[in-house]
Amino acid sequence: MKSKLNTVRAWDILSELQADGRISKSELAKRVHLSASACSPRPRILETGGAIEGCYIWLSPSLTGGVIFVMVEVVLDRHRLEDQRHFETAIHATPEVLDCWAIGGRIDYLMRVAAPSMAAYQDFMEGLRQVGLGIDQYYSLIVTKSVKSNSPIPLSASRQR
């Protein structure tokens, strides 16, 4: 993948697509200083090569009428590889869990969960504990306001040309 990222304008293309995933191919070509024919196949090549994992539209939380978001710190009762894989596989298939990161330190995972109410969130977490995912403890941090979210990755900080 690294060789594809070192091609002409790959970083510029990725940066522009992060800023506006719906940009037209002709506008993208103009912004990265390539002809439309030279630019056109490059996003697909970057996607096929793994640099682009998908294209999403971020919905406004106000659209759903009162969804709450909870950051959940999870501690597993065992730390064997098969226990971690079991937890991760189950969480990956759980739509209420919007994001989940394995982290180091006093907790094992940090999740962002969406629920229609606090009662529904509590029922959801109790359900997770009962299905045998090995959750020893969890700590809930209620999101009271979004200050910044869905930011693009700052490619300028990671460029290695």
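One structure accompanies this document, and this report is about it. For every chain, the first residue of the written sequence is number 1, and numbering continues from 1 onward in sequence order. With pLDDT at 70 or above as the cut-off, local features in this predicted model cover only qualifying residues; side-chain atom pairs require 80 or more to be listed or tallied, and sums for whole chains, interfaces and linings still use all residues. No hydrogens and no water enter the side-chain calculation; it runs on all heavy atoms of the structure.

**Comments concerning the overall build of the chain**
Then step 1. Numbering of helices and strands runs from the N terminus, with a helix taken as a DSSP run of H or I at least four residues long and a strand as a DSSP run of E at least two residues long. Secondary structure assignment for the chain yields 8 helices and 4 strands.
Then step 2. Taken from N to C terminus, the helices and strands of the chain fall in the order α-α-α-α-α-β-α-β-β-α-β-α.
Then step 3. The globule rule used for comparison is 2.2 Å times the number of residues to the exponent 0.38, while the radius of gyration itself is calculated over C-alpha atoms. A globule of 161 residues ought to have a C-alpha radius of gyration of about 15 Å, yet the chain, at 20 Å, is considerably larger.
Then step 4. Structurally, the chain occupies a C-alpha span of about 55 × 40 × 25 Å along its principal axes.
Then step 5. Between buried and exposed lies partly exposed: a residue is buried under 20% and exposed over 50% of the maximum accessible area for its type, with that area taken using a 1.4 Å probe on protein chains only. Counting all 161 residues of the chain, 27% fall into the buried class.

**As for helix 6 (residues 81-92)**
Then step 1. Multiply 1.5 Å by the residue count of a helix minus one, and that product is the helix's expected span. When the terminal C-alpha atoms of helix 6 are compared, their 16 Å separation across 12 residues agrees well with the 16 Å that a helix rising 1.5 Å per residue should span.
Then step 2. What makes two residues a contact is simply this: any of their non-hydrogen atoms within 4.5 Å. In the core, the buried residues of helix 6 are packed alongside strand 1 (68-76), strand 2 (97-102), strand 3 (109-115), helix 7 (118-130) and strand 4 (135-142).

**Digging into the packing of aromatic side chains**
Aromatic rings considered in pairs are described by the distance between their centres and by the relative angle of their planes.
Then step 1. Side-chain rings of Phe, Tyr and Trp (the six-membered ring for Trp) are treated as a pair once their centres are within 6.5 Å; stacked means planes under 30 degrees apart, edge-to-face means over 60, and tilted covers the remaining angles. In this structure the tally under the stated criterion is 1 aromatic pair.
Then step 2. Seen in terms of ring centroids, Phe87 and Tyr109 are 4.5 Å apart; in terms of plane orientation they differ by 35°. Their pairing is tilted. One end of the pair, Phe87, is in helix 6; the other, Tyr109, is in strand 3, and 22 residues separate them in sequence. Summarising the burial analysis for this pair, Phe87 and Tyr109 share the class buried.
Then step 3. A ring has a charge above it when a Lys NZ or an Arg CZ is no more than 6 Å from the ring centre and no more than 35 degrees off the ring normal. When the ring centre of Tyr139 is taken as origin, the NZ or CZ atom of Arg106, which lies over that ring, is 5.7 Å away.

**Considerations on the environment of Ser149**
Then step 1. Within the fold, Ser149 resides in the loop between strand 4 and helix 8 (155-158).
Then step 2. Take Ser149: its relative accessible area is 46%, and that puts it in the partly exposed class.
Then step 3. Whenever two N or O atoms come within 3.5 Å, that pair is a polar contact, provided that in protein one can donate a hydrogen and the other can accept it, and provided that, for residues adjacent in sequence, both atoms are side-chain atoms. In terms of polar contacts, Ser149 uses its side chain to reach the side chain of Ser146, at 3.5 Å.

**Looking at the pattern of salt bridges**
Any two side chains of opposite charge can pair, on the condition that their charged atoms come close.
Then step 1. Any carboxyl oxygen of Asp or Glu that lies within 4 Å of a side-chain nitrogen of Lys or Arg is treated as forming a salt bridge with it. In this structure the tally under the stated criterion is 9 salt bridges.
Then step 2. Put simply, Arg80 and Glu82 hold a salt bridge, and the shortest N to O gap is 3.5 Å.
Then step 3. One salt bridge connects Asp99 with Arg112, and the closest N-O pair in it is separated by 2.7 Å. Note that Asp99 is positioned in strand 2 and Arg112 in strand 3, a separation of 13 residues in sequence.
Then step 4. The class for Asp99 is partly exposed, based on a relative accessible area of 26%.

**Brief notes about a nonpolar patch on the surface**
Then step 1. A cluster of nonpolar side chains, contributed by Ile57, Leu59 and Leu63, occupies part of the molecular surface with about 380 Å² of accessible area.
Then step 2. Residue position: Leu59 is located in the loop between helix 5 (42-48) and strand 1.
Then step 3. Taking relative accessible area as the criterion, Leu59 reaches 61% and is therefore assigned exposed. What makes a patch is a set of residues exposed beyond 30% relative accessible area and free of salt bridges, joined within 9 Å when like-charged and within 5 Å when nonpolar (Val, Leu, Ile, Met, Phe, Trp, Tyr). Here the accessible surface of atoms and residues is derived via Shrake-Rupley with a 1.4 Å probe, and residues count as covered only by protein chains that are part of the display.

**Observations regarding unusual backbone geometry**
For residues other than glycine, phi is negative in most cases, and the peptide bonds are mostly trans.
Then step 1. Positive phi, close to 60°, is recorded for His33, a residue that is not glycine.
Then step 2. The residue His33 is located in the loop between helix 3 (25-31) and helix 4 (36-39) in this model.

**Looking at the nonpolar core**
Then step 1. What is meant by a nonpolar core is a set of buried Ala, Val, Leu, Ile, Met, Phe, Trp, Tyr and Cys residues, joined one to another through side-chain atoms within 4.5 Å. Judged by nonpolar contacts, the single largest core of 19 residues is most densely connected at Val72, Phe87, Met111 and Tyr121.
Then step 2. Mapped by element, the contributors of at least two residues to this core are strand 1, helix 6, strand 3, helix 7 and strand 4.
Then step 3. Filtering out sequence-adjacent residues up to four positions away, Phe87 remains in contact with Val74, Leu76, Cys100, Tyr109, Met111, Leu133 and Ile135.
Then step 4. Of all hydrophobic cores here, the second largest spans 14 residues; its members include Ala29, Leu34, Cys39 and Leu155.

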